[in-house]
Amino acid sequence: MLEVKTLDKPDERRDYPRGHLEAVHMSGLDFAVATFEPGWRWSESVAPIAGTDSCQFHHNGYVVSGRMHIRMDDGAESEVGPGDVFVCTPGHDAWVAGDEQCVVYDFAGSMAKDYAKKD
């Protein structure tokens, strides 16, 4: 099997306050490019859509540009920036750090399937 898609023509786009997600769905992989504008914060922009107190998605991410601060429900926190690869388990809040747009590639799949998806 060989399957190829282009991000120039995503299968879907989801808009949420101060950002959006574009996704391609493939056999065995859902890939998302998430764009977060300055001022974006999960607990303010996505929590009302998700209906949870913290993000309950697992992320395998690569930061293309900008910076994002992540705080886990247990209090652990870190900041990621361009060139960083990260794994973030369910139970966290996150926000854009600084005044630059943050672009993240997410390879986990669950983000592309259901993240910020309205019923």
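One can find the structure itself at the top, above this paragraph.
This is a predicted model, so every value here is computed, not measured.

Taken as a whole and judged by the stated rule, the model has seven salt bridges. The shortest N-O distance in the salt bridge between Glu-12 and Arg-14 comes to 2.8 Å. Between Arg-13 and Glu-22 there is a salt bridge; the shortest N-O distance is 3.6 Å. One connected set of salt bridges, linked through shared partners, spans Arg-13, Asp-15 and Glu-22.

Our focus in this paragraph is the environment of Arg-18. Tracing the chain through its elements places Arg-18 in the loop between strand 1 (12-16) and strand 2 (19-26). Assessed through its relative accessible area of 47%, Arg-18 is described here as partly exposed. In this structure the C-alpha to C-alpha distance between Arg-18 and Glu-44, which are 26 residues apart in sequence, comes to 9.8 Å. With sequence-adjacent residues up to four places away left out, Arg-18 is seen in contact with Thr-35, Phe-36, Glu-37, Pro-38, Gly-39, Trp-40, Glu-44 and Ser-45. At 3.3 Å, the side chain of Arg-18 forms a polar contact with the backbone oxygen of Gly-39.

Bringing the sheet that holds strand 5 (residues 68-72) into the picture now. Overall, antiparallel pairing links the three strands, which are arranged 6-5-8 in an open sheet. Of all strands in the sheet, those bounded by a partner on one side alone are strand 6 (77-80) and strand 8 (92-96). Averaged over all neighbouring strand pairs, the angle between strand axes comes to 20°, with direction disregarded. As defined by bridge partners, strand 5 adjoins strand 6 across four bridges and the pair is classed as antiparallel. Bridging across to strand 6, Arg-71 finds its partner in Glu-77.

What counts, and at which threshold
Residues numbered from 1 in each chain as written. Predicted model: local features only at pLDDT ≥ 70, side-chain atom pairs only at ≥ 80, totals over all residues. Heavy atoms only, no water. Salt bridge = Lys/Arg side-chain N within 4 Å of Asp/Glu carboxyl O. Helix = DSSP H or I, 4+ residues; strand = E, 2+ residues; numbered from the N terminus. Buried < 20%, exposed > 50% of the residue type's maximum accessible area, 1.4 Å probe, protein only. Contact = heavy atoms within 4.5 Å. Polar contact = N/O pair within 3.5 Å; in protein donor to acceptor, adjacent residues only side chain to side chain. Pairing = 2+ DSSP bridges. Axes fitted to C-alpha atoms, helices over the stretch in contact; angles between N-to-C directions.

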